[in-house]
Every structure is written in C-alpha cells, then in structure tokens.
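# Residue-level structural notes
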Amino acid sequence: MAQVYFEDVSEGQEIPKLVQNCDSQRLVLWAAGSGDYYQIHYDKGFAQNTGLPDRITHGALKHALLGRLLDEWAGDGGQVRRVACSYRGMDMIDKDVVCRGVITGKRQENGSNVVDLEVWTEDPDGKKTTPGTAVVELPARS
Amino acid sequence: MTQQSATGGSVITDEMRARIGVESEPVAHEVDNTGCRQFARAVGYTDAIYFDEAAAKAKGHRAIVAPYGFLGHPVVVPGQPAGVPEAFRLDIPYKRVLNGGTDIEYMAEVCAGDRLTATTKLTDLTEREGKVGPMLIVNTETAFRNEKGETVAIQRGTAIRY
C-alpha cells in the first residue's frame, strides 16, 4: 500500500477497516503468542461453567488487532505510539471482529507529526464492543 | 455469581490499599525471534519485518521487530518466585476475572534480542455493582525498561474481579 503522509490526512477521515475472523485456531494461536492460557477462550465446558454461552475472543487480541489496523495504515514510515481500549462487549468465538478508526485530530509534538484517532472493534451486527483511542506518528512529505 | 465479600461490605483491606503505588520487584522479559513471529502470526501480520531479520534490517530496524503489543514473555523458572508481580496477587474473595481494558504507550521501538525489565504497581482499586454482581476493578501500570534503563513502553491495565 502506498505510504500515507501527514499532509494528506484530515479530521473526520476514516481509515481502511480490518476484518478478522476469530475462530478456535486463531484464539489458540493468540493464547500461545500472548501467554494468556485462561480456559474461557478455548475450553467450551470451562467457559460455560463460568456462565458464558461459549468461548470468547481475548480482549488483548482485539487490542493487538487495533494495533495492526493502525500499523498497516501508517506504513513503513509511520509509527503506532499508543492504543488504549476498553472491553465493553464480548465477542464470541467464530465471529468476525471488525477493526475501525476515524481521525479526530492532527498536531505537531516535539518535531513529530502526530495523528489522534478514535478506534474501535465492532461485531458483525455493527455493535461497538471495544471502544478506544490511539496516537500514530506519520511521515511528512516536506 | 452470588459471591459476597467476607465482611458484607468492602473487600478492599487496609493492607491492599497500602500497596497502591508500590513498585514491584523487576521481572525480566525476553523479546526473542520466535516470540515476535508467534505473536505476529496470531495477529495476522504479513509484513516481513516481524518475521525475517534481513528484511527488518533492510528497512532500518535493529533486528526482527516486536509487533505492537508484544513486550516479550516474562521469564519464569519453576521453583523460583513466580514472574507474577504481587500487584496481581490480591487476597480477595472473587475468583473470576475479566480483562477490562488495555492501554500501551511506546517511547521506543522494541526488537528481538531486547531484554526488558518490567516493574508493576497497583494504581487504583475501586468497587462497583455490576450485572454479574459485586466487582473489584484493579488498575495496574507496568513500566518496561531496556538494558540502558530507558523506559520503552508503559502498559496500563484494568482487571475486573467478580
């Protein structure tokens, strides 16, 4: 993808979304990658014994997916500085997690070009389950 | 679902309150090639800088890049004190836990080969009545420092115990 530059972005602009299906293989990959082996994410009986209808997608995986959404948007010349999100709604196993972001502002900070965004994940019905904010550095054309 | 605090009131003891703001002993976190690749694969990255050292160096990175959110794995040796900071081992009557939120701020890039040191402190304890019954919200802050002592990332976490 072509590099996005600081001059080219503006408040209110939406960045390209990222859609990822979180099936059991994905959740096991994440358990191993993150070191979070809590059974509610891969053991259906265990999840149901805690009162959940089924296994749920890890919150931290959704956080990392928001990081990837921004990393791929910012390209080689950009840098994801910060992603903060709250896990307000559960995403059940096998569902798509839709990662989205909208630019809320741009500023100069200590010589860097900084973009602020509202980011979130939503479920296939369009319900926001993981609202958050992010800070990304972009390169300038000049 | 019907857990109640031992006292019928607050589950936050004076001892727990006294721990707020106290920094834990440092825990070593190793950032290695395989860890970076495994994390990147789980998140679905295809950029070679997260998998291949030559590709990462060709783009100006020191080594394989640790993808956003990967700050290495804590080094835990059986029989030695666990790598879980005391901030996470609170003596409370709630057995269940949910992750309430994550916030990671980077000050510098993290790459494979980095040996980070993590220190964690409790920043806040609050109680709330939720849909699942009484809950204790545990806020923590973990600072990751490199071998030069520079802070490279700060992770703020929210755990919901119920």
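Quantities reported herein were computed from a predicted structural model and do not represent experimental measurements.

## Considering the nonpolar core
Leu70, Trp73, Leu117 and Leu138 of chain A are the most contacted members of the largest nonpolar core, which has 58 residues in total. Per element, the largest residue contribution to this core is eight residues, and it comes from helix 3 (residues 59–74) of chain A. Residues lining this core come from more than one domain, with at least three contributed by each of domain 1 (1–31 + 74–162) and domain 2 (32–70) of chain B. By size, the runner-up hydrophobic cluster in this structure holds ten residues, among which are Val11, Met16, Leu90 and Leu136 of chain B.

## Section: the packing of aromatic side chains
Ring pairs (aromatic) are described by centroid distance and by the angle formed between their planes. One pass over the structure, following the stated rule, counts five aromatic pairs over all chains. Here tyrosine 68 of chain B and tyrosine 106 of chain B contribute two aromatic rings whose centre-to-centre distance is 5.3 Å and whose plane-to-plane angle is 45 degrees, an arrangement assigned as tilted. With tyrosine 68 of chain B in the loop between helix 3 (53–58) and strand 2 (73–74) and tyrosine 106 of chain B in strand 3 (residues 97–106), the pair connects residues that are 38 residues apart, well separated along the chain. On the basis of relative accessible area, tyrosine 68 of chain B is assigned to the buried category, the value being 6%. Residue placement shows lysine 106 of chain A over the ring face of phenylalanine 6 of chain A; its charged tip is 4.6 Å from the ring centre. The positively charged end of lysine 128 of chain A is found above the aromatic ring belonging to tryptophan 120 of chain A, 4.3 Å away from the centroid.

## Structural notes on the pattern of salt bridges
Residues and elements named next belong to chain A. Inspection of every chain in the model, using the stated rule, returns 21 salt bridges over all chains. Here arginine 81 makes a salt bridge to glutamate 109, at a shortest N to O gap of 2.9 Å. Here arginine 81 is found in strand 2 (residues 79–86), whereas its partner glutamate 109 is found in strand 3 (residues 96–109), with 28 residues between them in sequence. Judged by relative accessible area, arginine 81 falls into the buried class, the value being 18%. Under the relative-accessibility criterion, glutamate 109 is labelled partly exposed at 27%. Ionic pairing is found between glutamate 122 and arginine 100, a salt bridge with its closest N-O pair at 3.2 Å. Of this pair, glutamate 122 sits in strand 4 (residues 112–122) while arginine 100 sits in strand 3, and the two are 22 residues apart along the sequence. A residue is classified by how much of its surface remains accessible, and glutamate 122, at 11% relative accessible area, is buried. Several salt bridges converge on common partners, so that one network encompasses Arg81, Arg107, Glu109, Asp116 and Glu137.

About the cut-offs
- Within each chain, residue numbers correspond to sequence positions counted from 1 in written order.
- Labels follow written order: the first chain is A, the first ligand is 1, and so on.
- Local features in this predicted model are restricted to residues of pLDDT 70 or higher, and side-chain atom pairs are both shown and tallied only at a pLDDT of 80 or more, whereas totals for entire chains, interfaces and linings draw on every residue.
- Values shown for side chains rest on all heavy atoms present in the structure; no hydrogens or waters enter the calculation.
- For the purposes of this section, nonpolar cores are sets of buried Ala, Val, Leu, Ile, Met, Phe, Trp, Tyr and Cys residues that join through side-chain atoms within 4.5 Å.
- Three exposure classes are used, based on accessible area relative to the maximum for each residue type with a 1.4 Å probe and protein chains only: buried under 20%, partly exposed in between, and exposed over 50%.
- Put simply, DSSP marks the helices as runs of H or I at least four residues long and the strands as runs of E at least two long, and each gets a number from the N terminus on.
- All domain edges in this entry derive from an automatic or database-based domain assignment.
- Within 6.5 Å between ring centres, the rings of Phe, Tyr and Trp (the latter by its six-membered ring) count as paired, and their orientation is classed by plane angle as stacked under 30 degrees, edge-to-face over 60, tilted in between.
- In this scheme, Lys NZ or Arg CZ marks a charge over a ring once it lies within 6 Å of the ring centre and within 35 degrees of the ring normal.
- Each reported salt bridge corresponds to a side-chain nitrogen of Lys or Arg within 4 Å of a carboxyl oxygen of Asp or Glu.

Purely geometric stuff here, so don't read any function into it on its own.
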